[in-house]
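# Summary of the model geometry
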Amino acid sequence: MAVYLLNKRFVHLLRLKKQMKKQDIIILSAVMLALVLIRVYFNIPNFNPLGAIALMGGVLFGRNWLAFLIPVSALFVGDLLLASNNALNQDYLFSASFLTVYASFGVMIALGMLLAKKPSLSGVLGGSLLAAIVFFAVTNAGSWFTLPEYPKTFNGLMAAYTAGIPFFRNTLVSQVLFSIGIYVVYSFATQRKLTLA
């Protein structure tokens, strides 16, 4: 009888865990969609939650296909909304720049997945700094590779990186602020313990 009761309790706990996961997925997806809408309506160059959505998708969804599906889908919805109102954004969709940006998001998601085992505020901070550097490095290398104004030499690559420096501050600040914000909001919304280190 005792074994039956323990087994029944274990099955009940597994069901609760699955329900919490579904609830957590819904909460995190809603936070990401809200941030994408903020980006659409308050479009400040290089100051947006996109990199944070990618990084934190990896951190909070962990080693799961949802870590790629939900953040990339949310980012793509934002790009479609921007393209529906602006011809410049229509040209951006599926361009070489678009593909480079999404490649950098893929790297950020993978970075977040590495941090997923033990998410903490310090891990999110360090991951945010690294994610901003990844975005800067990948997208500016992509600009050098695809844009005709940069010669395909080492000096041309350095010129592309130099041209990107004025935008890096906004990228870095927004990456850190939005990543920490997502971590804190998600922790409170799901009643998870905030870990500092």
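Look up a bit, the structure's there.
First, a word on what this report is: a plain description of the structure on this page.

Conventions adopted
- Residues numbered from 1 in each chain as written.
- Predicted model: local features only at pLDDT ≥ 70, side-chain atom pairs only at ≥ 80, totals over all residues.
- Heavy atoms only, no water.
- Helix = DSSP H or I, 4+ residues; strand = E, 2+ residues; numbered from the N terminus.
- Buried < 20%, exposed > 50% of the residue type's maximum accessible area, 1.4 Å probe, protein only.
- Contact = heavy atoms within 4.5 Å.
- Areas by Shrake-Rupley, 256 points an atom, 1.4 Å probe, with all protein chains shown as cover.
- Bend = angle between axes of the 7 residues up to and from the residue.
- Axes fitted to C-alpha atoms, helices over the stretch in contact; angles between N-to-C directions.
- Parallel < 35°, antiparallel > 145°, perpendicular 65-115°, else oblique.
- Left-handed = near helix turned anticlockwise from the far one by under 90°.
- Nonpolar A, V, L, I, M, F, W, Y, C, P; charged D, E, K, R; others polar.
- Phe/Tyr/Trp six-rings, centres within 6.5 Å; stacked < 30°, edge-to-face > 60°.
- Core = buried A, V, L, I, M, F, W, Y, C linked by side-chain atoms within 4.5 Å.
- Patch = residues over 30% accessible without salt bridge, like charges linked within 9 Å, V, L, I, M, F, W, Y side chains within 5 Å.
- Salt bridge = Lys/Arg side-chain N within 4 Å of Asp/Glu carboxyl O.

## With respect to the overall build of the chain
- For the chain, the helix and strand inventory stands at 7 helices and 0 strands.
- Helices and strands in the chain line up, N terminus first, as α-α-α-α-α-α-α.
- Looking at the chain as a whole, 40% of its 197 residues qualify as buried.
- Long-range pairs, those at least 24 residues apart, make up 72% of the contacts in the chain between residues at least 6 apart in sequence.
- Total accessible area computed for the chain in this model is approximately 11,500 Å², and 71% of it derives from carbon and sulfur atoms.

## A short note on helix α7 (residues 154-189)
- A bend of about 55° at proline 166 is the largest found in α7.
- Taken from the residues just after α7, glutamine 191 is the one with a positive phi, measuring 60°.

## Topic: unusual backbone geometry
- Backbone geometry places asparagine 46, a non-glycine residue, at a positive phi of 60°.
- The residue asparagine 46 is located in the loop between α1 (2-41) and α2 (50-61) in this model.
- Its identity is not glycine, yet phenylalanine 94 carries a phi of approximately 65°, on the positive side.
- Take phenylalanine 94: it is sitting in the loop between α4 (87-92) and α5 (96-115).

## A few points about the packing of α5 against helix α6 (residues 121-146)
- At a minimum axis distance of 9 Å, the contact between α5 and α6 shows a crossing angle of 155°. The orientation of α5 with respect to α6, classified from their angle, is roughly antiparallel. α5 and α6 meet at a crossing whose hand is right-handed. Of α6, the residues touching α5 (which contributes Ala96, Thr100, Val101, Ser104, Phe105, Val107, Met108, Leu111 and Leu115) are Gly123, Gly127, Leu130, Ala131, Val134, Phe135, Val138, Thr139, Gly142 and Thr146.
- Residues belonging to the contact of α5 with α6 are distributed by class as follows: 12 nonpolar, 7 polar and no charged.

## Quick look at the packing of aromatic side chains
- For the structure shown, the criterion picks out 11 aromatic pairs.
- Each ring, one from phenylalanine 105 and one from phenylalanine 135, has its centre 6.3 Å from the other, and the planes form 20°; the classification is stacked. Of this pair, phenylalanine 105 sits in helix α5 while phenylalanine 135 sits in helix α6, placing them 30 residues apart in sequence. Across this residue pair, the class does not change: phenylalanine 105 and phenylalanine 135 are buried.
- Taken together, the aromatic side chains of Phe76, Tyr92, Phe94, Phe98, Tyr102, Phe105 and Phe135 make up a single cluster linked through ring pairs.

## Comments concerning the nonpolar core
- One finds Met56, Phe105 and Ile182 to be the most contacted residues of the largest nonpolar core, which totals 37 residues.
- If you tally residues by element for this core, the top one is α2, at 9 residues.
- Aside from chain neighbours lying at most four places away, what touches phenylalanine 105 is Leu50, Gly51, Ala54, Leu75 and Phe135.
- If you look at the next biggest cluster of nonpolar residues, it comprises 6 residues, including Trp144, Tyr150, Ala160 and Tyr161.

## Side note on a nonpolar patch on the surface
- A cluster of nonpolar side chains, contributed by Leu33, Leu37, Ile38, Tyr41, Phe42, Val77 and Leu81, occupies part of the molecular surface with about 650 Å² of accessible area.
- Mapped by element, the contributors of at least two residues to the nonpolar patch are α1 and α3 (66-85).
- Looking at the nonpolar patch, the element that brings in the most residues is α1, giving 4 residues.
- With respect to the helices and strands, the residue tyrosine 41 is situated in helix α1.

## Some thoughts on the side chain of serine 104
- Along the chain, serine 104 falls in helix α5.
- Residues within four places of serine 104 in sequence aside, it is in contact with Val134, Phe135, Val138 and Thr139.

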